[in-house]
Amino acid sequence: MLTNTKKKPCVCKVCGSTFSYPSNLKVHMRIHTGEKPFNCDLCSSAFSQKSSLQIHRRTHTGEKPYACEICDAAFSGKSALKVHSRTHTGEKPYHCQVCGSAFSGISALKIHMQTHTGEKPFSCEVCGSTFSQKFSLKMHLRIHSGEKPYSCEICGLAFYGKSRLKIHMEVHSAKTPYVCGVCDSKLSRKSALKMHMRIHSGEKPYSCEVCGSAFSGKPSLNIHMRTHTGEKPYHCEICSSSFYSKSNLKIHMQTHMNEKPYACEVCGTAFSVKSYLKGHMRTHTGEKPHNCRVCGSAFSQKYYLKIHMRTHTGERPYPCKVCGSAFSEKSKLKSHMRTHTGEKPHACELCQSTFAEKSKLNLHMRIHTGEKPFSCEVCGSAFSQKSNLKKHIRTHTGDRPYACDICDAAFSIQSTLKSHMRSHNAENLNAY
């Protein structure tokens, strides 16, 4: 960088910056030494310049003497007003030399540069999470402390950050100026519209470096990463269960309140979460929008597809600590554990039969009710279980998938094959 040392005779020996006066150079040197001689009496924050301390004190007094002439926004410092004014003019004088992105303020550019360097110098002492900004760490610490200093004056909800409160206030104002050109959805923020558009485009620009899963938004990636780190920062105060995300904790809390405000208009089944009702409705409509790319199987919910994919990958992430058996679903492990404990918590109110799984109880109840919801489209025969209908269909199709390895006889039911195999065993015994 070329500098005119005749006009600015004071040169920094560290970085080469030049200054007109020794006092300016002295202040500049504090950037390199880290010296901050000016301390705030209220919060112990320290600053390298007296003017910075004066501006900081306004955060305590609430004084904002610099007002924008266009939108009436007010600021505690003149430089902040100058940066804000660029939001109206569109001026972005600070450019990233790596990717060409432009910014209205130098601080925004510095923060952006960390996306290229990957630098995250601020660490959480509680869980080890790292952040590129001190402010982000400060916000994160409130997850552990539970501090929510920003409250809504209308409904009383409290938030960790001022920006979250501002977003929440749009719920009360009902302002939705951003409209999706595909489905006419209305959103309150431009960033929300950008995220929403990825539903239509299928764009997922945020990828997990561990397993390759891709996400449409960075918050979703952050939550996903906790499945690898095991971090569960959201805790239930009633039963001490922990969760990866706040939304999962919120859903869990409804199990304690027994609230199920979302009812199916077809069969009356009620749910604690609206998305559960949406997934349930597909059992009535038959809609299965989630398709397996390997075998073409279709599912009503994304979760079921995720579980199904483990039949192809062989993944069984839930091992039994007693016998070592592994399972693709947590619920199957839970049911399996009852084979060790002998627990059968699901009891029939009519005959006192007990079952380890609720699904087995539901099937059993059809003995008492006579319900046979699975009907044959060929002859009209009805069955209490889908598996029995599947076996019956073979009487029409002639399908015999169970073949004998000894004599080539084939059967439609596996139990019939087992009975047949005994005839060969008997022949072998008679031979001796």
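Residues numbered from 1 in each chain as written. Predicted model: local features only at pLDDT ≥ 70, side-chain atom pairs only at ≥ 80, totals over all residues. Heavy atoms only, no water.

### A short note on the overall build of the protein chain
Next, step 1: Along the backbone of the protein chain there are 15 helices and 30 strands.
Next, step 2: For 432 residues, the compact-globule estimate of 2.2 N^0.38 gives 22 Å, and the protein chain exceeds it by more than 25% at 33 Å.
Next, step 3: Along the longest, intermediate and shortest principal axes, the C-alpha atoms of the protein chain span 115 × 55 × 45 Å.
Next, step 4: By the burial criterion, 23% of the 432 residues in the protein chain qualify as buried.
Next, step 5: Sequence-distant contacts, at least 24 apart, represent 2% of the contacts inside the protein chain between residues at least 6 apart.
Next, step 6: On the protein chain, roughly 30,900 Å² of surface is accessible, and the fraction owed to carbon and sulfur atoms is 53%. (Helix = DSSP H or I, 4+ residues; strand = E, 2+ residues; numbered from the N terminus. Rg over C-alpha atoms; globule rule 2.2 N^0.38 Å. Buried < 20%, exposed > 50% of the residue type's maximum accessible area, 1.4 Å probe, protein only. Contact = heavy atoms within 4.5 Å. Areas by Shrake-Rupley, 256 points an atom, 1.4 Å probe, with all protein chains shown as cover.)

### Brief notes about the side chain of histidine 224
Next, step 1: Mapped onto the secondary structure, histidine 224 falls in helix α8 (residues 218–229).
Next, step 2: With residues near it in sequence (within four places) discarded, histidine 224 still touches Cys208, Cys211, Ser213 and Phe215.

### What about the nonpolar core?
Next, step 1: By size, the foremost hydrophobic cluster in this structure holds 7 residues: Met139, Ile143, Tyr160, Tyr234, Cys236, Phe243 and Leu249.
Next, step 2: Setting aside its immediate chain neighbours within four residues, cysteine 236 contacts Ser241, Leu249, His252, Met253 and His256. (Core = buried A, V, L, I, M, F, W, Y, C linked by side-chain atoms within 4.5 Å.)

### Thoughts on the environment of lysine 134
Next, step 1: By the element assignment, lysine 134 lies in helix α5 (residues 134–145).
Next, step 2: Between the alpha carbons of lysine 134 and lysine 120 there is a distance of 9.5 Å; along the sequence they are 14 residues apart.

### Digging into the pattern of salt bridges
Next, step 1: Per the counting criterion, the structure on display carries 13 salt bridges.
Next, step 2: One salt bridge connects glutamate 91 with arginine 86, and the closest N-O pair in it is separated by 3.7 Å.
Next, step 3: For glutamate 91, a relative accessible area of 42% translates into the label partly exposed. (Salt bridge = Lys/Arg side-chain N within 4 Å of Asp/Glu carboxyl O.)

### Some thoughts on unusual backbone geometry
Next, step 1: For glutamine 352, which is not glycine, the phi torsion reads 70 degrees and is therefore positive.
Next, step 2: Turning to its location among the elements, glutamine 352 is positioned in the loop between β25 (346–347) and β26 (354–355).
Next, step 3: Note on glutamine 352: relative accessible area 59%, which makes it exposed.
Next, step 4: The phi dihedral of aspartate 408 falls on the positive side, at around 70 degrees, and the residue is not glycine.
Next, step 5: Residue classification places aspartate 408 among the exposed residues on the basis of a relative accessible area of 68%.

### So, helix α10 (residues 274–285)
Next, step 1: Compared with the 16 Å implied by 1.5 Å per residue over 12 residues, the 17 Å span of α10 between its first and last C-alpha is a close match.
Next, step 2: Residues of α10 that are buried: Leu277, Gly279, His280 and Arg282.
Next, step 3: Considering only its buried residues, α10 is in contact with β19 (262–263), β20 (270–271) and β21 (290–291).
Next, step 4: Positive backbone phi, at 80 degrees, marks glycine 286, one or two positions downstream of α10. (Expected span 1.5 Å × (residues − 1).)

### Here we look at the environment of arginine 198
Next, step 1: Structurally, arginine 198 can be placed in helix α7 (residues 190–201).
Next, step 2: Residue classification places arginine 198 among the buried positions, given a relative accessible area of 10%.
Next, step 3: Between the alpha carbons of arginine 198 and serine 353 there is a distance of 51 Å; along the sequence they are 155 residues apart.
Next, step 4: The residues touching arginine 198, leaving out its near neighbours within four places in the chain, are Glu203, Pro205, Tyr206, Ser216 and Gly217.

### Quick notes on a positive patch on the surface
Next, step 1: Positive charge collects at one region of the surface, where Lys148, Arg164, Lys246 and Lys250 lie side by side.
Next, step 2: Mapped onto the fold, lysine 250 is located in helix α9 (residues 246–257). (Patch = residues over 30% accessible without salt bridge, like charges linked within 9 Å, V, L, I, M, F, W, Y side chains within 5 Å. Lys, Arg positive; Asp, Glu negative; His and termini not counted. Charge placed at Lys NZ, Arg CZ, Asp CG, Glu CD.)

### Describing helix α2 (residues 50–61)
Next, step 1: For α2, built from 12 residues, the straight-helix expectation of 16 Å at 1.5 Å per residue is met to within 8% by its first-to-last C-alpha distance of 17 Å.
Next, step 2: Turning to α2, its buried residues number three or more, namely Leu53, His56 and Arg58.
Next, step 3: Against the buried residues of α2 lie β3 (38–39), β4 (46–47) and β5 (66–67).
Next, step 4: Backbone geometry just downstream of α2 places glycine 62 in the positive-phi region, at approximately 80 degrees.

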